[in-house]
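# Close look at the chain arrangement
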Amino acid sequence: MMPACLRCNTRISPPPFLGFSFTTSCVLIGSSLYGMKQRTILREASIKGTSLHTGEEVHLTFKPAPENHGIVFRRIDLYGKPELKANVEHITDLVRSTTLTSGHAKVHTVEHVLSALAGLGIDNVLIELDASEPPILDGSAKHFVNLLQQAEPVEQPHDRKYYVLKEPVCVSEGNRSIIALPYDGLKITCTSADDRGIHTQHLSLDIDPETYAAQIAPARTFTIYEDIEELLKLGKIQGGSLDSAIVIKGDKILSKEPLRFKDEFVRHKILDIIGDITLLGLPLKAHIIAVRPGHALNARLTASLHEKMLAPKEGKKTTKDAAKIVAPDATTLDVRQILDLLPHRYPFIMIDRVTNIISPDELVALKNITINEPYFMGHFPGHPVMPGVLQLEAMAQAAGILMLRRVSSEGRIAFFMSADKVKFRRAVVPGDQLEVHVKLTKSRGLKIGVAEGTCKVDGKVVSSAELMFTIVDAAEEAGA
């Protein structure tokens, strides 16, 4: 049996790839208990069930992850097993749940899973799903907490980083509001009420793993009876039932079991807040005071906090600015680095990876062509073919990368000016991997360039062109 912290039950000896430690570093911050080291889990743990909104059957697996990995979702049911980092920048839908999107991959209703991880102080984990939404289970985070405790949280060698709020942040909408105040720990004060003022509840708690597991995780999601029909029309709650939610009908409570707490509704609101602020990317030290919160308002607070977290500091670049600096001697670029160079975003980013920067004037890039590409829905749907103009765009984007690497990409955009000697030799279809080879042949200062581009599939040329493009200042273009 491995030694464990007597206060937070953290196992001390992590897996070999995570390093070893035989001392704990749990301290009391304010009145909240936090480990000062990053944490992951010792072993994999899985659970299955039905998703709330899509009604899909889903298997979810928590897997250990190394330091500074963060919380990452992986859709193993999609081609390429795309990953989505739990970050506020990926939020796309906030109707009765929180949805994350990256490229063509989505994960719906992430808040209960994220809440369980944050509540237990787990920083690094990979979450694999074979559908687009975690199982709803009983509508609380209790089963996720139990699963993670069975997986055994373990310390890692690296220190945990926090975002320590220095000044108040407030967001509001009508009679709803959330304010975050500086605080040495995490404390949440919440008032919950429906539009009729019925079932008004109030609770204030300092959040630590023990308090979270006992006082917050078991609280179930709830809805107003009159809202159910509208939610069904919106395509929501397809997998909902009284096994996974409490229904409020007038003064009555409809549930398969008695309320777990007299104030279960406000406790679940706190559960959701903890899950949604996890998308900040770092554990937060603040006192959050919420009145009638919801996912949209939670997301606005998280976005405001995220903006402050990335705000410029004296004499230093922000994390966002630093990410835009690509090492000049790099010979490959991953998709994140490409997105930092190019202004394009899904569905119009035509480069997945730069595999070889041969010289400052020449590179080779890849674009994986999948049946999920949105243009296949209307471009010869019975016989899907990649449009030739998009192959041309892939060459132009690759050439733009070359030019933008010659100058700082900050505030600059590469614009496609003209194409000459364009030839399309064979069809590109789903399943193909497009190899894009571009070489700069002429340049006029750092403003205008000419490049030769070739696209290949399985070593055979499918298209080619000579391209001209220009680098412009984004601010100048916006003011034109």
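Preceding this section is the structure that the text describes.
Small disclaimer: the values here were computed from a predicted structure and weren't measured.

Definitions and limits used
- Residues numbered from 1 in each chain as written.
- Predicted model: local features only at pLDDT ≥ 70, side-chain atom pairs only at ≥ 80, totals over all residues.
- Heavy atoms only, no water.
- Helix = DSSP H or I, 4+ residues; strand = E, 2+ residues; numbered from the N terminus.
- Buried < 20%, exposed > 50% of the residue type's maximum accessible area, 1.4 Å probe, protein only.
- Contact = heavy atoms within 4.5 Å.
- Areas by Shrake-Rupley, 256 points an atom, 1.4 Å probe, with all protein chains shown as cover.
- Pairing = 2+ DSSP bridges.
- Axes fitted to C-alpha atoms, helices over the stretch in contact; angles between N-to-C directions.
- Phe/Tyr/Trp six-rings, centres within 6.5 Å; stacked < 30°, edge-to-face > 60°.
- Lys NZ or Arg CZ within 6 Å of the ring centre and 35° of its normal.
- Core = buried A, V, L, I, M, F, W, Y, C linked by side-chain atoms within 4.5 Å.
- Expected span 1.5 Å × (residues − 1).

## Considering the overall build of the protein chain
Counting its regular elements, the protein chain contains 10 helices and 27 strands. Across the 480 residues in the protein chain, those meeting the buried criterion constitute 50%. When contacts within the protein chain are restricted to residue pairs at least 6 apart in sequence, long-range pairs at least 24 apart make up 69% of them. Carbon and sulfur atoms form 54% of the exposed surface of the protein chain, whose accessible area is close to 22,300 Å².

## Some words on the environment of V145
Mapped onto the elements of the fold, V145 is located in helix α2 (residues 142–151). Between the alpha carbons of V145 and A213 there is a distance of 6.8 Å; along the sequence they are 68 residues apart. Non-local contacts of V145, meaning those with residues more than four positions away in its chain, are made with A116, L120, Y212, A213 and A217.

## Considering the sheet that holds strand β11 (residues 125–129)
Paired through their backbone hydrogen bonds, the strands of a sheet run either parallel or antiparallel. Strand order across the open sheet formed by five strands is β4-β5-β11-β6-β7, with mixed pairing between neighbours. At either margin of the open sheet sits one strand with a lone partner, and together these are β4 (45–50) and β7 (83–85). Direction aside, neighbouring strands of the sheet carry axes that sit 20 degrees apart on average. Relative to β7, strand β6 (residues 71–75) runs antiparallel, the two sharing three bridges. Its bridge partner lying in β7, R74 is registered against E83. Taken strand by strand, helix α1 (residues 111–119) contacts β5 (57–64), β6 and β11, and its axis lies near 145 degrees from that of β6.

## Considerations on the packing of aromatic side chains
Scanning the model with the defined rule gives three aromatic pairs in all. With centroids separated by 6.4 Å and ring planes inclined at 85 degrees, the aromatic side chains of F62 and F144 adopt a geometry described as edge-to-face. Of this pair, F62 sits in strand β5 while F144 sits in helix α2; the two residues are 82 residues apart in sequence, bridging distant segments of the chain. Ring geometry for Y375 versus F376: centroids 4.8 Å apart, planes at 70 degrees, classification edge-to-face. Each member of the pair Y375 and F376 is classed as buried. Geometry around F261 places R267 over its ring, the cationic atom sitting 4.4 Å from the centre.

## Some words on the nonpolar core
F62, F73, L117, I127, Y212, I288 and L305 are the most contacted members of the largest nonpolar core, which totals 65 residues. With six residues, the top contributor of residues to this core is helix α5 (residues 264–277). Excluding residues that lie within four positions of it along the chain, I127 makes contacts with L60, T61, F62, I71, V72, F73, R74, V113 and L117. Counting 39 residues, the second largest nonpolar core, distinct from the first, contains I338, V354, I369 and A451.

## Quick look at the sheet that holds strand β19 (residues 246–249)
Strand order in this open sheet of three strands is β18-β19-β20, and the pairing throughout is mixed. In this open sheet, the two strands that pair with only one neighbour each are β18 (222–224) and β20 (252–254). Taken over all neighbouring pairs, the strand axes of this sheet differ in orientation by 25 degrees on average, direction set aside. Judged from the three bridges that link them, β19 and β20 form a sheet pairing that is antiparallel. Bridge assignment links K249 to a residue of β20, and that residue is K252.

## Quick look at α5
With 14 residues, α5 should cover 20 Å at 1.5 Å per step; its first-to-last C-alpha distance of 20 Å lies within 8% of that length. When you tally the buried positions in α5, you get 13 out of 14 residues, the bulk of the element.

None of this, on its own, says anything about what the molecule does.
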